[in-house]
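# Fold and geometry: a report
Each chain, letter by letter, is given below.
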Amino acid sequence: MGAFHLAQANISTGRWAFDHWRMRGFASRVDAINDLAVEAPGFVWRPTSERMMNDLLRLGRDPMREAYNLSVWESVESLWAFAFGGVHLEAVKRTEQWFEPGSALDVMWWIPAGHRPTTEEGLAKLELVHAEGPTPEGFTFRRRFPCPSS
C-alpha cells in the first residue's frame, strides 16, 4: 500500500455557531483531537485548521457553523482506529447534541502517496458520495473499496 494513501474528509453543520455557549463542549475538544490525530499511528498529513477555515470562507461557506476536516492516513484501518477510539469516539457519541440532524457527511478516497488534497477536492468528494453513494472514487467505512494497488 506504499504507493497509495487514504484521504478523508468530513463535514457537519453545527446547531449553533461554534462560539455559542452550547457548542463549548465541541469547540473545546477540536484542538486536542487534532493534536491526537497528528500523533496517531498511520497519520500522514492534514492542512492547518486556519487553512481549512480560510478555504471555507473563500468558497462562501460558514466556518463558524460547518465543522470541516481533511486528512491523509496510511490505511483505512489506521483511520478507523483513531476515529472510533479514545477522545474522538467520545466526541462522536455527542454528535447529535452539537450538530444538525442529517448534516454529517464523510468520505474516503485513495490518493497517490505524497498527494495533498485540497479543501475543494474534499468538498467535491463529499458531494460525490452524497449524490451517488459509495464508489471507488469516494466511499465510506460502511462500503469500502480496496486500495488500487491491491
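Residues numbered from 1 in each chain as written. Predicted model: local features only at pLDDT ≥ 70, side-chain atom pairs only at ≥ 80, totals over all residues. Heavy atoms only, no water.

Below, the discussion takes up the packing of aromatic side chains. If you walk through the whole model with that rule in mind, you get eleven aromatic pairs. For the ring pair Phe 26 and Phe 99, a centre distance of 5.0 Å and an interplane angle of 85° mean the geometry is edge-to-face. Residue Phe 26 is located in helix α1 (residues 24–39), and its partner Phe 99 is located in the loop between α5 (95–98) and β4 (105–112); the two are separated by 73 residues in the primary sequence. Taken as a pair, Phe 26 and Phe 99 share a single burial class, namely buried. The interplanar angle of 35° and the centroid separation of 6.3 Å between the aromatic rings of Trp 110 and Phe 139 together place this pair among those described as tilted. Linking Trp 110 in strand β4 with Phe 139 in the segment after α6 (119–132), this pair joins segments that are 29 residues apart in sequence. For the pair Trp 110 and Phe 139, a shared accessibility class is recorded, and that class is buried. (Phe/Tyr/Trp six-rings, centres within 6.5 Å; stacked < 30°, edge-to-face > 60°. Helix = DSSP H or I, 4+ residues; strand = E, 2+ residues; numbered from the N terminus. Buried < 20%, exposed > 50% of the residue type's maximum accessible area, 1.4 Å probe, protein only.)

What follows concerns helix α2 (residues 49–58). Buried within α2 are the following residues: Met 52, Asp 55 and Leu 56. Take α2 and look down its axis: the buried residues cluster within an arc of 100°, on one side only. Exposed side chains of α2 directed beyond 90 degrees from the buried face belong to Glu 50, Leu 57 and Arg 58. Among the residues trailing α2, Gly 60 stands out with phi positive, at a value near 80°. (Arc of directions from axis to C-beta.)

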